[in-house]
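Single-letter residue listing:
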Amino acid sequence: MIKLFSLKQQKKDGEAAPRAGNQKKASAAQLRITKDIHELNLPKTCIVDFPDPDDLLNFKLIIYPDEGFYRGGRFTFSFKVGQMYPHEPPKVKCETPVYHPNIDLEGNVCLNILREDWKPVLTINSIIYGLQYLFLEPNPEDPLNKEAAEVLQNNRRLFEQNVQKAMRGGYVGSVYFDRCLK
């Protein structure tokens, strides 16, 4: 026979002194990022890497564009998902120095859904597709690297030459770029 009062008391005792082996409750951010990762639908040009498989809140995305100015390149982004996710977007940085109008030399990325257009219904998948799109269609209208944006608007051929020079490893103006061709 089940004794309700003893079960209730055991439950109270269990709350007062958690048993060894009990795991910490997952945060809302951890639950949501787990869901986002399980539902990832990556394009063939992207790979997600978890340096620490137990830490889903920090990971890398590698993009290998297969068309456009950046075809043949290898670009790594770090994602840091905060405890306020999905109410705040993750922090995304480009770790690969790149000559790009929407990515500055410190790796900051200008993508509207990482700033003012972020909504909690957006997912990691949305960000990945947004980043991939930046390599297919750089946007000189909303630049972080104003010099690259100006060259893209005024002289596409020179912009393409600068991108290739940077991806092969070399100087564009006074800035040195490491080789990032795969």
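Nothing here was measured: the structure is a model prediction, and the numbers come from that model. (Residues numbered from 1 in each chain as written. Predicted model: local features only at pLDDT ≥ 70, side-chain atom pairs only at ≥ 80, totals over all residues. Heavy atoms only, no water.)

## Quick notes on the packing of helix 4 (residues 146-154) against helix 5 (residues 156-168)
Alright, step 1. Relative orientation of the contacting elements helix 4 and helix 5 amounts to 135°, with a least axis distance of 5 Å. The pairing of helix 4 with helix 5 is recorded here as oblique in orientation. The segment helix 4 lies against helix 5, with Ala148, Val151, Leu152 and Asn154 engaging Arg156, Leu158, Phe159 and Asn162.
Alright, step 2. Split into classes, the residues belonging to the contact of helix 4 with helix 5 amount to five nonpolar, two polar and one charged. (Axes fitted to C-alpha atoms, helices over the stretch in contact; angles between N-to-C directions. Helix = DSSP H or I, 4+ residues; strand = E, 2+ residues; numbered from the N terminus. Parallel < 35°, antiparallel > 145°, perpendicular 65-115°, else oblique. Contact = heavy atoms within 4.5 Å. Nonpolar A, V, L, I, M, F, W, Y, C, P; charged D, E, K, R; others polar.)

## Focus: the UniProt feature "active site" (unreviewed entry) in the protein
Alright, step 1. The UniProt feature table records "active site" (unreviewed entry) at Cys110.
Alright, step 2. Here cysteine 110 falls in the buried class, since its relative accessible area comes to 4%.
Alright, step 3. Every residue in contact with cysteine 110, bar those within four places of it in the chain, is listed here: Asn102, Arg115, Leu134, Asp142 and Leu144. (UniProt positions renumbered as here; feature names shortened; annotations may be inferred. Buried < 20%, exposed > 50% of the residue type's maximum accessible area, 1.4 Å probe, protein only.)

## Here's the deal with the packing of aromatic side chains
Alright, step 1. Tallied over the entire structure, the rule returns 11 aromatic pairs.
Alright, step 2. Geometrically, the ring pair formed by tyrosine 85 and tryptophan 118 is tilted, given 6.0 Å between the ring centres and 40° between the ring planes. Taken as a pair, tyrosine 85 in the loop between strand 3 (75-80) and strand 4 (91-94) and tryptophan 118 in the loop between strand 4 and helix 3 (124-136) lie far apart in primary sequence, 33 residues in all.
Alright, step 3. Classification of tryptophan 118 by relative accessible area gives buried; the value is 9%.
Alright, step 4. Arranged with centres 5.5 Å apart and planes meeting at 40°, the rings of tyrosine 99 and phenylalanine 159 form a pair that is tilted. (Phe/Tyr/Trp six-rings, centres within 6.5 Å; stacked < 30°, edge-to-face > 60°.)

## A look at helix 5
Alright, step 1. An ideal rise of 1.5 Å per residue puts 18 Å on 13 residues; helix 5 measures up with 18 Å between its terminal C-alpha atoms.
Alright, step 2. Those residues of helix 5 not exposed but buried are Phe159, Asn162, Val163, Ala166 and Met167. On an axial view of helix 5, the arc spanned by its buried residues comes to 130°, and they lie on one face.
Alright, step 3. Structurally, helix 5 contributes buried residues whose contacts are with strand 3, helix 4, strand 5 (170-172) and strand 6 (175-177).
Alright, step 4. A positive backbone phi angle near 95° is found at glycine 169, which sits one or two residues after helix 5. (Expected span 1.5 Å × (residues − 1). Arc of directions from axis to C-beta.)

## Observations concerning the sheet that holds strand 3
Alright, step 1. Spatially, four strands are ordered 1-2-3-4 in an open sheet, and the strand pairing comes out antiparallel. In this open sheet, the two edge strands, each paired with only one partner strand, are strand 1 (46-49) and strand 4. For this sheet the average axis-to-axis angle between neighbouring strands, irrespective of direction, equals 20°.
Alright, step 2. One ladder, built from four bridges, connects strand 1 with strand 2 (residues 58-63); its direction is antiparallel. From the neighbouring strand, isoleucine 47 faces strand 2, where its bridge partner is isoleucine 62. (Pairing = 2+ DSSP bridges.)

## Details of the side chain of arginine 32
Alright, step 1. Turning to its location among the elements, arginine 32 is positioned in helix 2 (residues 28-38).
Alright, step 2. A relative accessible area of 16% places arginine 32 in the buried class.
Alright, step 3. A polar contact is formed between the side chain of arginine 32 and the backbone oxygen of leucine 122, at a distance of 2.6 Å.
Alright, step 4. Setting aside residues up to four positions removed in sequence, arginine 32 forms contacts with Tyr85, Pro86, Pro120, Val121, Leu122 and Thr123. (Polar contact = N/O pair within 3.5 Å; in protein donor to acceptor, adjacent residues only side chain to side chain.)

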